[in-house]
Amino acid sequence: MTKWWPILILILSLIGCSTSVGVLERNEYEGPLSLLDITQYPSNVYVGLSGPYSTKEKMVEVALMSCAKGILLEEALALDSRFVMREDSDKGLTSFALKEHAYYDDTSLAKVIEELTIISITFEKDAGAIVCAEYGKKEKNSRALKVTLDSFGKPTWLKNYPTKEGYLFGVGNSRSYYYLNDSLEASDFAAAQNILDLYSEHLFSTSIETNRVGSENSMDRAVYQAQRGLLQGFRIVDRYYDKEEDTYWSLASIRE
């Protein structure tokens, strides 16, 4: 962190004074997801959030890291998913295990942070600090998708996967956790996993069925499945919060 600490000090010195960088304080609940909407900006603009911390300095630091992480995830996101299930014909499901891991190259995290141009910093009671920043090393292109809403004001991608030439999409959801950033991270990961499930060519699956000794009608069944995939161009396109179900939804895209 020492490499980019002077930049962080400079940014924090702007907090509380009038500058070209927008610094906003949101004390009333207005829905933090609206503050994460950057669809009005070109594709080289990213957003990161921190979650609540004891100081503004720490919140901005974590939000900057979150913003840079989004850029690195777009470069390459590797997923590894393993699933094991055991069934008994008499008792039903007897055991179930699922392990999922995501990997990305974070060695250039400090360098990416140094190359960010801060557009705005917003403080919100549920989200902590929200940093919107431009990454100059990316071209300014239009975004992958323009989100449309149905007659109830919900995004149409909740019911149907979007289609656009050159892109593939996935949808994921998560229950609401205590901290907003944890809820969104879980929902985003589920969307990445959905893309892997839909489009991965690296799938190994095997099933073993055995009759129990002394019984012709009783059977044990074990299933093992492994998936691996490398997602390139991974980005979160849109998010939605279902108040009735207390569930967060994420729409993600990758380059085809």
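Preceding block: the structure.
So, how was this worked out
- Residues numbered from 1 in each chain as written.
- Predicted model: local features only at pLDDT ≥ 70, side-chain atom pairs only at ≥ 80, totals over all residues.
- Heavy atoms only, no water.
- Helix = DSSP H or I, 4+ residues; strand = E, 2+ residues; numbered from the N terminus.
- Buried < 20%, exposed > 50% of the residue type's maximum accessible area, 1.4 Å probe, protein only.
- Areas by Shrake-Rupley, 256 points an atom, 1.4 Å probe, with all protein chains shown as cover.
- Phe/Tyr/Trp six-rings, centres within 6.5 Å; stacked < 30°, edge-to-face > 60°.
- Lys NZ or Arg CZ within 6 Å of the ring centre and 35° of its normal.
- Core = buried A, V, L, I, M, F, W, Y, C linked by side-chain atoms within 4.5 Å.
- Contact = heavy atoms within 4.5 Å.
- Patch = residues over 30% accessible without salt bridge, like charges linked within 9 Å, V, L, I, M, F, W, Y side chains within 5 Å.
- Salt bridge = Lys/Arg side-chain N within 4 Å of Asp/Glu carboxyl O.
- Expected span 1.5 Å × (residues − 1).
- Pairing = 2+ DSSP bridges.
- Axes fitted to C-alpha atoms, helices over the stretch in contact; angles between N-to-C directions.

## Thoughts on the overall build of the protein
When helices and strands are tallied, the protein shows five helices and eleven strands. Counting every position in the protein, which comprises 256 residues, the buried fraction comes to 39%. Surface summary for the protein: the accessible area is close to 15,000 Å², and the carbon and sulfur share equals 50%.

## Here we look at unusual backbone geometry
A positive phi angle, near 50°, is found at Asp-246, a position not held by glycine. When you line up the elements, Asp-246 lands in the loop between β10 (235–242) and β11 (247–255). Accessibility expressed as a relative area gives 34% for Asp-246, which makes it partly exposed.

## Quick word on the packing of aromatic side chains
Summed over all chains, the structure comprises three aromatic pairs. Consider the rings of Tyr-167 and Phe-169, whose centres lie 6.5 Å apart with planes at 35°: the pair is tilted. Overall, Phe-169 belongs to the buried group, its relative accessible area being 1%. Lys-56 extends its terminal NZ or CZ atom over the ring of Phe-123, reaching a point 4.9 Å from the ring centre.

## With respect to the nonpolar core
Proteins that are soluble and globular tend to have nonpolar side chains buried together. Counting residues in hydrophobic clusters, the biggest one holds 20 residues, and the most contacted among them are Leu-116 and Val-131. Among the secondary structure elements, those contributing two or more residues to this core are α3 (56–75), α4 (109–114), β5 (116–124) and β6 (128–135). By residue number, the principal contributor to this core is α3, which donates eight residues. Apart from the residues lying within four places of it in its own chain, the contact partners of Leu-116 are Leu-64, Cys-67, Ile-71, Ala-133, Glu-134 and Tyr-135. Leu-73, Leu-79, Leu-168 and Phe-234 belong to the second largest nonpolar core, which has twelve residues in total.

## Side note on a nonpolar patch on the surface
A contiguous nonpolar surface patch, about 290 Å² in accessible area, is contributed by Tyr-161, Leu-198 and Tyr-199. When you line up the elements, Leu-198 lands in helix α5 (residues 180–199).

## Some words on α5
For an α-helix, 3.6 residues make a turn, and residues three or four places apart therefore share a direction. Between the first and last C-alpha of α5 there are 29 Å, a value that for 20 residues agrees with the 28 Å anticipated at 1.5 Å per step. Those residues of α5 lying buried are Leu-180, Ser-183, Leu-184, Ser-187, Asp-188, Ala-191, Ala-192, Gln-193, Asn-194, Ile-195 and Leu-196.

## Focus on the pairing of β11
In terms of burial, β11 is a largely internal element, seven of the nine residues being buried. In this sheet, β11 lies alongside β10 in antiparallel orientation, the contact comprising seven bridges. Looking at β11, one finds that Tyr-240 is bridged to Trp-249. Following β10, the chain reverses through four residues before pairing antiparallel with β11; Asp-246 in that reversal takes a positive phi of roughly 50°.

## Overview of the pattern of salt bridges
Within the structure shown, the criterion is met by eight salt bridges. Linking Glu-115 and Lys-137 is a salt bridge whose minimum nitrogen-to-oxygen distance equals 3.2 Å. Of this pair, Glu-115 sits in the loop between α4 and β5 while Lys-137 sits in the loop between β6 and β7 (167–175), and the two are 22 residues apart along the sequence. Assessed through its relative accessible area of 57%, Lys-137 is described here as exposed. Several salt bridges converge on common partners, so that one network encompasses Lys-111, Glu-115 and Lys-137.

## Focus: α3
Compared with the 28 Å implied by 1.5 Å per residue over 20 residues, the 29 Å span of α3 between its first and last C-alpha is a close match. Of the positions making up α3, those classed as buried are Met-59, Val-60, Glu-61, Val-62, Ala-63, Leu-64, Cys-67, Ala-68, Ile-71, Leu-72, Leu-73 and Glu-74.

## Observations concerning the sheet that holds β11
As summarised here, the arrangement of the three strands in space is β7-β11-β10, forming an open sheet in which the pairing is antiparallel. At either margin of the open sheet sits one strand with a lone partner, and together these are β7 and β10. Direction aside, the axes of adjacent strands within the sheet are offset by 20° on average. Running over the sheet, α5 touches β7, β10 and β11 and is turned about 135° from β7.

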